Amino acid sequence: MKTSFKKLTLLVFHRQKLQITEMLQKIGVLHIEINKDFRSETVDALERNKGKILKAVEIIETYAGNRTGIPTITEASVEETVDHVLNLRYRIEANILQKETLLKEKLQRIPWDDLDLSKIQRLTQHGLQIKLCIASKKEYEAFDFGTLIHQAVQTTANQVYFAVIGQADRPIPFESVKVPERTLTELLEAEESLQNENENIQEALAAYAGHLPKLKAELINIENELAFALAQGSYQAHHQGVIMSLSGWFPEAMENDLTTYLKTEKLTYAIERPRPGDDVPVKLQNSKYSKLFEPITKVFELPNYYEWDPTPLIAVFYPIMFAYCLGDAGYGLIFFLVSLLGWFSFLKKTRSLAFLGMILGLVTTVMGLIKSGSVFGIPTNSQDWELFQGLGKYVLIPDDRDFIFNAFNVALMIGVVQIFMGIFVSIYNKFTYEHWIKAISQIGKLFIVSGVIWIFLADMQEMAALQQFGYLRQILLVSGVVMVLFFHDMEQAMPVRAASGILPLFFIFTGILGDILSYVRLFALGVASSVLGLVVNQIGMQIMENSWWGSVIGVIFLLFGHTLNFCIAVLGSFVHPLRLTFVEFYNNAQFKGGGKEYRPFRKQPIEL
């Protein structure tokens, strides 16, 4: 669900501009329509400072996480702290570049070992010509140097690094190279020196962890100033700048309180409902349970103001699809316990995510018992594990192909139901936010999908109950095709509309099979995690049969194998239901998205 909004337009005298802006910031309910083209020196300066502080905070948090010492706090100002942190980071980057240069020198120097270049320079000063060359071993041995003195410095499997001394009476057909002047020992010492310097700088950066509260407080202060400056720049001038207007959006439920305040201040204003095309902000308003799934909705995009919020349906289908993918009661229990631990520790500040994890874990535990029956890869109908034998009676969705509600078919049924719900959502959006005529083509799609599924179940699956009233299936299909052909795009003329309706019909008929079969991945992932768990158990048990040390290794293998399988299964269980939601469901619901979050103009509290 979404909060209803209304638009407020204020008319003020230009001298009241500052006072009214401060008043609006104090009220803190108006989402101001910011003038995106407004720029000023103040805004530019605030954005630069904000960027520098954000960068400094990121740097400090990066290095503070690896430090165990007590962070230091000095009396330095925020500006001095930020500049010092950025300079230290710049030194680290400069040292990294210098290390890369040293690496290149070292690679060039290694074949020549610690050859003393100063001696070569002294020989050169006495008139001797000295060249350092590289040649293949075969060419070096075959070449006649004549009167030239040559000395191999390094010999590898294929190449020879050598020096040639003397006045050459003919060109030497070998590659001449320039060796770095520093010795290999000096290069290694320089590299170690840079490494030590970087470690010291990292320690210095980590010590700035004590400055984080002050930096974050200043960041909030800058964001407040920036919001105020942008609000000031969003006024529209009228009558040569004497009269100013400002527009924004507020929740409809707050209209009475807001108008009472505006009348008390004797301000001139106008309130109106949103009109098509208005860029209205979005504030999701769901029940406590559905609200837990709002982060999943926001992963893709917020719905725009002129469409239904899909969060309540996501709250129904996502846990089911997650549990179907994970598919093991033992893994579901582990996921619940980890989320419960997070509630009291690492997710203490975001307990809604911890509670969401607990719900997903509990649903997975139940699903693991009623679907196929699996606990840590152990089938509940296994005769080898007496502990789980009693759980086999709770299996409602077996793997039996002869049972119509088997695990494979139920996965497809989940897809069919979700696709139908998506089509119903699209029909609702057309009726509510556009025009009932535009909903006719979506009703036609509903008829087509219903007819096709009816034919599939009645004829291909030989369901006797659905084989009756066959003429109704034909009526559904024909009616649906007519509705799509003649009502899919009401902006076109009738003949053009009918001709262009072939394409949407093609997408509907071809999309039905693809969309429904996509839900097979729910079944496949659930089977994969259960089978991998079973394989881990079998290998672990075989290892444990040998001896006491085999038992130790077997237990370690079981822990490692199940942990790895659990992590892979959880990852797939998060991703694939998202994919089914954002592709199949959103496509059938004709989800547009693009909503911008409601951000009231108010001062953010500064917590020290």
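A quick note: this is a predicted structure, and the numbers were derived from the prediction, not measured.

Conventions we followed
- Per chain, residue numbering runs from 1 following the sequence as it is written.
- Local features in this predicted model are restricted to residues whose pLDDT is 70 or higher, and side-chain atom pairs enter the listing and the counts only when it is 80 or higher, whereas totals over whole chains, interfaces and linings include all residues.
- Excluding hydrogens and water, the side-chain values take into account all heavy atoms of the structure.
- Here is the rule: rings of Phe, Tyr and Trp (six-membered ring for Trp) pair when centre to centre is within 6.5 Å. Planes less than 30 degrees apart are stacked, more than 60 are edge-to-face, and the remainder are tilted.
- Runs of H or I in DSSP of at least four residues are treated as helices and runs of E of at least two as strands, each being numbered from the N terminus.
- Residue exposure (1.4 Å probe, protein chains only): buried if accessible area is under 20% of the type maximum, exposed if over 50%, otherwise partly exposed.
- A fitted line through C-alpha atoms serves as each axis, taken over the contacting stretch for helices, and the angle formed by two N-to-C directions is quoted from 0 to 180°.
- Each angle receives one of four descriptions, namely roughly parallel if under 35 degrees, roughly antiparallel if over 145, roughly perpendicular if within 65 to 115, and oblique otherwise.
- Crossings are sorted by hand: turned counterclockwise from the far helix by less than a right angle, the near helix makes the crossing left-handed, and turned clockwise it makes it right-handed.
- In this description, contact between two residues means that some pair of their heavy atoms is separated by no more than 4.5 Å.
- Here the nonpolar group is Ala, Val, Leu, Ile, Met, Phe, Trp, Tyr, Cys and Pro; Asp, Glu, Lys and Arg are the charged ones; every other residue, Gly included, is treated as polar.
- Salt bridge, as used here, is a side-chain nitrogen of Lys or Arg placed within 4 Å of a carboxyl oxygen of Asp or Glu.

Some details on the packing of aromatic side chains
Summed over the entire model, instances satisfying the criterion amount to 28 aromatic pairs. With 5.1 Å between their ring centres and 65° between their planes, Phe322 and Phe574 make a pair best called edge-to-face. Placement of Phe322 in helix α11 (residues 311-326) and of Phe574 in helix α22 (residues 548-588) is noted, with a sequence separation of 252 residues between them. By relative accessible area, Phe322 is classed as buried at 0%.

Topic: the packing of α11 against helix α15 (residues 407-433)
Closest axis-to-axis distance for the α11/α15 pair is 12 Å, and the angle between their directions is 160°. The orientation of α11 relative to α15 falls into the category roughly antiparallel. When you trace α11 past α15, the crossing you get is left-handed. Every residue of α15 that contacts α11 at Leu313, Phe317, Ile320, Met321 and Tyr324 is listed here: Ala407, Val410, Ala411, Ile414, Val417, Gln418, Met421 and Val425. In terms of residue class, the contact of α11 with α15 is made up of 12 nonpolar, one polar and no charged.

Concerning the pattern of salt bridges
All told, the structure shown has 21 salt bridges when counted by the stated rule. The shortest N-O distance in the salt bridge between Lys52 and Asp83 comes to 3.3 Å. Of this pair, Lys52 sits in helix α2 (residues 41-64) while Asp83 sits in helix α3 (residues 78-109), and the two are 31 residues apart along the sequence. Note on Lys52: relative accessible area 34%, which makes it partly exposed. Residue class for Asp83 comes out partly exposed when judged on its relative accessible area of 27%. Salt-bridge contacts for Lys430 lead to Glu434; the nearest nitrogen and oxygen are separated by 3.6 Å. For Lys430, a relative accessible area of 14% corresponds to the buried category. Assessed through its relative accessible area of 33%, Glu434 is described here as partly exposed. If you follow the salt bridges from partner to partner, you end up with Lys430, Glu434, Lys438 and Lys592 in one network.

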